[in-house]
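Coordinate analysis (summary)
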Amino acid sequence: MVPTEAYVILSMVLFAMGTLGVLLRRNAIIVFMSVELMLNASNLALVAFSRQWQGVDGQLFTFFVMTVAAAEVAVGLALIVAIFRTKQSINIDELHLMEG
Amino acid sequence: MQNLALIAPLIILFPSVGAFINFVWGPKLNERASAIIGSVAAGATFFIALGMFSYLTGNNFQPAIIDPPLLDGWLRIPSANLEIPWQQRIDTLSVTMLLFVTFVGTLIHIYAAGYMHGDKRFSRFFAYLNMFLAFMLILVTGNNFLMMFVGWEGVGVCSYLLIGFWWDKPKGEGIKNANAARKAFIANRVGDFGVLMALFLTFWTFGSLDFFKPTEIANPAHYEHLVHEDDSHAGEEDSHSGEEGDDHGGEGEGESTTAQTVALSTDTTVAQEGEEDDHGGEAAADDHGGEESHSDPFGFYVNNDHLTYNQLGVFGQAEKLLKLGEGETLDRGDGTQVGRTVVIGSWTTDIDTVVSLIALFMLLGAAGKSAQIPLFVWLPDAMAGPTPVSALIHAATMVTAGVYMMVRSNTFFYYADEVSLIVTIIGGVTALAAGFMALGQWDIKRVLAYSTVSQLGFMVAAVGIGAYAAAIFHMMTHAFFKALLFLGSGSVIHGMEHGHHHLHDHGHGAGGHGHDDKAHAAAHDSHGHDSHGHDSHGHDEKHDDHAHDDHFDPQDMRTMGGLSRRMPITYITYVIGAAALAGIWPLSGFWSKDEILADAWRAAIFDGKLSGYIALGLLLAAAFMTAFYMTRQVWLVFHGEGRHDAVKHVPESVWQMTVPLIILGVFSVFIGFVNLPSDPGVSSLGLEAVFGLHALTDWLEYSVLHAHVGAFEWLIALVATGVGLAAIFLGIRIYGGANPLNEKNEDPLYVNRGFRPLFVFSNARMYWDEAYDRLFIRPFQAIARLLARVDWDFWHDYVHDSVITKGFNGVAKILSQPVDNGLIDGTVRGVGRLVKGISGVLRQAQTGYVRVYAVALLVGVVAVVVLMLLPVLQG
Amino acid sequence: MTLEILLFMAVGAVTIATAAMMLLSNNAVHSALFLIVNFIGVAFLYLMLEAPFLALVQIAVYAGAIMVLFLFVIMLLGAEKTGAGAHLRRFRWMAPVAMVLALTFIITVGWALTQGDIDSVEPPAGAAQVRFVHAAPLPAQVAAPSDMMTPATEADTAAEGEEAATDEVATDEAATDEVVEEAPAEEVVEEVVPVIPAQNLPADRVFVLLVNGEVVDDSFVYGEETDFLPVEPGLAVISLRGTADGEDVVTTTLELTADTVQTAILAGDEAVSFYAVPQGETPGLTVFNAYAPLPALALGDLKGELFNDVRRILTVGADEVPFGTYTAPLSYPADFPNWVAYEPGRIDNLELIPDEASLRAVVLRVSEFLPEMRFGEDALIVLGAERRPDNELRPLAVRLDPRPVDQFGTAEAVGERLFTDYLLPFQLVAMLLLASMVGVIVITYRGDHTPKPSRSTRRKVARPLTSVITSQTGADLADHDAPQLPERAEQPSGD
């Protein structure tokens with residue numbers, strides 16, 4: 001049986017990689033995919049702990065995270081499409097409308 | 001036949017619907033449609049009343065109580081344990097009222113269709129008439145005091161609306177009409193105070209307002225007596241009972257019908273009579289009827305002994321309480337006891353006192369509604385309304401409400417001797433005084449108005465001496481002949497106006513003009529009081545373009561004379577009505593007046609009552625007055641020569657007006673025979689074979705507990721007739737010439753030095769109005785003026801304008817400048833500036849680039865993770 | 001190094017590698033494809049983590065739907081190449097900062113993992129689940145274990161029964177003794193008690209069941225079974241209290257271990273007691289013998305129509321089941337066999353003749369209860385006895401619904417929790433999805449974007465009241481004071 005620690009470390013590494021993707025990539029779609037990667041990493045940790053504690057709640061949380069992620073992807077991609085229509089670019093460094 | 005009574009609610013519904021239609025669609029309806037709707041609604045009530053009559057005769061005169069389903073619980077206050085049912089009582093008294101109210105009312109509706117022709121608010125008038133009729137029928141058929149009061153107030157409102165119907169007449173006459181309406185309304189308010197007090201006292205004492213409960217027999221002694229009579233078929237020594245027995249034996253229905261009728265409203269349990277009844281015929285009946293006398297052979301109740309106190313209406317309860325001895329108590333039916341003692345607030349008193357008080361307050365109410373001293377002053381002024389209104393309100397219906405209430409409450413009056421004496425005095429004095437005032441009037445309708453007051457005085461005096469059936473009898477005959485007289489006078493007025501217009505259209509300046517002026521001058525001579533409240537007829541409006549400025553008064557008898565040739569039908573019917581009013585044998589007025597006088601005589605001689613003597617004296621004098629002023633009126637109006645050119649052009653009235661006159665005339669002749677007294681001898685013309693003896697009284701005995709049968713007294717009949725004939729003879733002597741008035745149109749009595757003060761006093765209506773003006777109205781106005789001055793000068797000028805305004809301005813000034821502008825605004829502006837400065841610095845951090853936010857977030861996340869794991873790292 | 005660990009390492013390597021490739025790829029389409037592989041790898045890890053349902057959802061939703069959406073958008077926008085914006089490269093400082101932060105994160109968490117020992121944590125023990133079955137046809141006056149036979153027989157049967165039963169049945173001697181003292185007086189009245197439907201039994205046949213002094217069933221009657229009740233592990237005191245007199249009839253202690261599922265059966269004729277039957281590990285038909293008149297029963301398969309002739313009886317693996325014991329889970333064929341319970345040793349005389357012997361021989365046709373069961377179902381049959389009006393006992397079988405043990409991570413387990421405890425979040429998530437759907441449509445809707453010319457005239461401001469009045473009446477309120485008193489009140493007409 002694979003120890004839980006191994007899963008957690010794997011999930012941590014994936015999460016960190018996702019973080020780097022969010023911070024360093026400029027293509028908005030890649031950034032988005034990195035966010036998905038981070039969500040998956042956290043899901044992995046949840047499921048691992050769920051097995052550890054023999055409780056199904058962690059899996060249910062994962063289920064909900066997946067659902068929310070689906071909603072988020074839909075809205076996020078719609079936003080990207082809308083932004084692309086107006087600015088003809090999805091480079092996030094060109095988007096600073098929120099500047100104070 | 002039981003089902004027939006169930007249509008009773010329709011008697012109120014029909015006129016209500018008629019009124020509703022005429023109100024809502026009135027402006028769109030033409031006169032014909034309005035008149036037909038109103039008259040049909042009124043006529044329908046008469047036929048329903050006939051149905052009620054046949055119901056009662058078919059059910060051995062046992063009352064029916066109808067609960068219209070929709071109105072159930074119309075007044076219910078659970079917290080006060082007060083629930084007044086909406087019940088209509090169909091008994092002999094209410095059906096008597098129903099019959100003549102609806103009959104006369106219907107005729108008046110038809111008459112009004114002709115009389116009101118051309119009025120701009122024609123349909124409104126019929127709506128009011130129908131509404132009036134509906135309320136009057138509520139008043140009459142209600143089974144409790146509150147329903148009666150609803151009707152009472154309703155007819156009050158309608159009379160207000162109708163008297164002031166021509167409130168918009170030009171030249172100040174509208175104001176006078178409106179004032180007359182207000183006067184009627186306010187005088188009635190004073191009376192209503194009495195009614196309300198009587199109601200409150202009744203409810204406080206007895207805990208309900210029902211006349212009788214549905215299962216109750218209104219006059220148990222009478223009923224029981226009938227049953228026993230029928231059982232035994234025994235001859236009675238007592239003349240009273242004997243005749244009664246004859247009457248009912250003659251009907252041949254027998255006991256079975258009677259018993260079944262009672263079964264409809266009571267349980268079929270065998271009644272256990274508590275004690276021997278002390279009724280006169282009891283012993284004889286026991287001998288013959290034997291075992292059947294205590295409880296009905298069919299097991300039906302023949303009296304109210306099985307009912308507990310709480311199951312009785314107020315009259316039954318009052319009877320029980322009044323018969324209690326000192327200190328005795330009675331079970332209410334729920335285990336509690338009730339005694340003679342009544343506690344009202346902190347005042348503890350005996351039931352006798354309470355009943356007397358109730359009766360006294362009712363007398364006040366009746367004085368308002370039935371125009372008795374001291375509240376009668378509204379009625380003559382109410383002649384300002386259209387003539388059909390005068391007939392409807394003053395002859396047939398509304399003014400009888402007070403007498404009806406007193407007769408309905410006869411139990412209270414029967415036991416309140418002192419109050420009965422007061423009632424007698426008030427009634428008698430009113431009869432005499434009003435009769436006296438009538439003979440000095442020039443206005444044809446005003447004479448009739450005082451006559452009405454006088455006749456109502458007869459009825460009230462009858463109640464005072466305990467002749468309740470006689471009061472109702474006189475009310476009934478009076479309704480017919482007084483309606484006849486009013487309608488006849490309306491016909492005369494109508495004709496005079498037509499004649500006048502005709503004169504203006506064709507005969508202007510044709511010689512009679514000087515005569516006209518003379519009449520005009522006479523109308524405004526020294527006796528200036530009679531210029532009030534003339535029935536200035538609505539037809540004027542059609543002819544306003546004539547702009548005649550002579551104040552021709554079509555109601556002034558000084559302009560009339562010799563009309564008998566111009567309007568024969570009106571003349572004949574009018575003479576019949578006048579003769580009936582004067583009490584000439586064998587017309588209806590003779591019988592009813594004679595019964596009151598005979599009762600007064602019997603009360604005086606046999607019972608030795610003071611009230612009997614008073615009533616006899618006052619009423620005989622009033623009867624003399626009656627005959628005298630009616631003779632004066634008939635001769636002034638119809639005989640001699642016309643005193644105005646208009647008379648020459650007077651036409652006979654249209655059929656809508658004459659037909660009711662004829663019908664009423666016939667009834668005025670014969671209606672008196674429905675209550676022939678005992679032993680009439682030849683005076684009855686043998687008509688007792690048709691009508692029976694004292695049929696009305698027997699009929700009323702089923703609902704009027706203390707009714708008694710009148711006997712014929714030759715002495716009284718002869719004296720009364722003699723007095724009447726003497727007055728007529730005297731009247732003809734004085735007014736019989738071709739022109740009884742002198743060249744200044746002054747009354748012969750005025751011309752005669754000896755009678756002049758009396759005539760002036762009568763013409764001025766005994767200065768009642770002046771007295772009220774000085775005693776009440778002027779002080780009231782003075783107080784009102786003073787209060788208005790206080791309100792304006794003190795409250796408005798000083799308190800509002802000076803104190804409050806200035807103080808408010810001062811405070812507002814302080815609050816606005818230093819406080820609001822300086823402190824509060826300063827604080828707010830300071831905070832605003834501060835926020836602006838800080839945000840100017842902070843906004844630099846917001847680059848708008850997502851990645852910066854993300855890295856900031858990550859820094860935070862890592863910091864949190866490190867902090868969270870710090871214990872683990874160290875351990 | 002088991003196979004599992006090797007597998008994990010391989011899959012983990014694949015996920016990390018694909019994640020890195022996703023990050024480093026310049027082509028967005030490639031990134032998306034790498035991410036799909038990464039997701040599939042994670043799904044594989046879910047499988048290894050006993051979450052098969054989630055694994056399937058991961059593949060269907062993430063690797064399937066979401067990534068298709070990504071690819072679709074990338075293709076739609078033509079944004080697969082991202083090199084175009086290189087001249088706009090700012091925030092050069094961010095790369096080192098991000099690296100440092102990521103490393104800090106990894107080191108901190110990793111070190112903490114080595115410090116703390118996650119795997120040593122044991123999951124908390126769950127409650128024991130017990131259900132109670134009333135299979136004792138009690139007479140009106142219950143006789144507690146009397147001196148006649150039951151204590152001895154019970155001990156004997158317990159001894160010669162299977163070990164599992166004896167472990168978990170412990171009769172509280174003290175409690176039974178107390179009841180014994182009251183018994184003799186009641187034993188005198190042995191009367192015929194008619195069989196009455198359970199619903200309208202008299203009060204003295206209805207009992208209250210208490211566990212650790214807590215009422216769990218207030219009308220516990222013959223033939224009834226309760227639901228599975230969670231009970232704290234440890235010694236549980238179970239009492240049966242009469243509703244008529246309110247006194248405890250039977251008091252027993254049961255030892256309950258955590259995470260077990262068992263059935264406590266009230267059995268016995270003259271003396272009654274609770275017997276515990278644990279839920280077996282292997283599926284099959286467990287038969288409990290609660291038939292008191294015979295010391296033991298045997299189960300057999302008649303193979304064919306019954307009662308036609310003397311039949312050969314095939315053994316089914318339960319040749320002798322003493323009273324109060326139960327069989328090991330039996331497998332049974334799918335074609336509804338003719339199983340019967342009979343008295344051991346009376347096989348040869350199995351006949352149709354309704355004499356006493358044959359009645360005693362065939363006690364019960366077990367297979368009457370089998371058709372209701374699905375094949376392969378885990379089930380428990382209690383062979384009981386019903387007291388007839390003549391006080392004879394008649395065989396009766398109670399079939400108990402099996403309750404499957406929760407399968408951790410299956411769709412069934414997840415679904416059950418989802419639709420019970422997590423129903424509200426589930427609904428909320430559904431609402432969220434709906435909202436996002438509407439939001440997407442609104443965001444991407446390309447309608448008529450030309451702004452409408454705003455109306456130049458504003459709506460009229462409401463006029464102050466005074467101007468309204470002025471316009472209505474024509475009177476200028478400002479110039480007037482309040483109405484004045486009339487100069488002279490109108491004289492009353494006097495009548």
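Residues numbered from 1 in each chain as written. Chains lettered and ligands numbered in written order. Predicted model: local features only at pLDDT ≥ 70, side-chain atom pairs only at ≥ 80, totals over all residues.

Within the largest apolar cluster, 243 residues are counted, with the highest numbers of intra-cluster contacts made by B:Phe132, B:Met362, B:Val403, B:Val463, B:Ala471, B:Ala483 and B:Leu619. With 20 residues, the top contributor of residues to this core is helix H19 (residues 468–506) of chain B. Within the second largest apolar cluster, 77 residues are counted, among which are A:Val73, C:Ala28, C:Phe39 and C:Ala55. (Core = buried A, V, L, I, M, F, W, Y, C linked by C-beta atoms within 7 Å. Buried ≥ 20, exposed ≤ 12 C-beta atoms within 10 Å, placed from the backbone. Helix = DSSP H or I, 4+ residues; strand = E, 2+ residues; numbered from the N terminus.)

Here we take up the interface of chain C and chain A. Across the contact, 68 residues belong to chain C and 63 residues belong to chain A. Elements supplying a minimum of two residues to the side of chain C that touches chain A: helix H1 (3–24), helix H2 (28–48), helix H3 (52–77), helix H4 (94–115), helix H9 (411–420) and helix H10 (423–444) of chain C. With eleven residues, H3(C) is the largest single contributor of residues to the side of chain C that touches chain A. Split by residue class, the side of chain C that touches chain A holds 52 nonpolar, eleven polar and five charged. (Contact = placed C-beta atoms within 7 Å. Nonpolar A, V, L, I, M, F, W, Y, C, P; charged D, E, K, R; others polar.)

Bringing the environment of C:Leu240 into the picture now. All names here are of chain C. Secondary-structure assignment places Leu240 in strand E6 (residues 234–242). On the neighbour-count criterion, Leu240 (24 C-beta atoms within 10 Å) is buried. As a C-alpha pair, Leu240 and Val206 span 34 residues in sequence and 9.8 Å in three-dimensional space.

So, on to the pairing of strand E3 (residues 207–211) of chain C. All names here are of chain C. Here E3 shows a clear split, with Phe207, Leu209 and Val211 buried on one side and none of Val208 and Leu210 buried on the other. As judged from the five bridges shared by E3 and E6, these two strands associate in the antiparallel manner. Bridged to Val208 within E6 is Arg241. Across four bridges, the pairing between E3 and strand E4 (residues 214–220) is antiparallel. Along E4, the bridge assignment pairs Val211 with Glu214. Count of turn residues in the E3/E4 antiparallel hairpin: two residues, of which Asn212 carries a positive phi of about 55°. (Pairing = 2+ DSSP bridges.)

This part takes up the confidence of the model for chain B. On average, residues of chain B score 81 in pLDDT, and 85% of them reach the 70 mark or higher. Note that residues 233–299 of chain B has pLDDT below 50 and, in this model, 93 contacts with residues that lie over four places away or in other chains. (pLDDT = per-residue confidence, 0-100.)

Each partner contributes to the interface: chain A provides eleven residues, whereas chain B provides ten residues. Across the side of chain A that touches chain B, the residue classes tally to six nonpolar, three polar and two charged.

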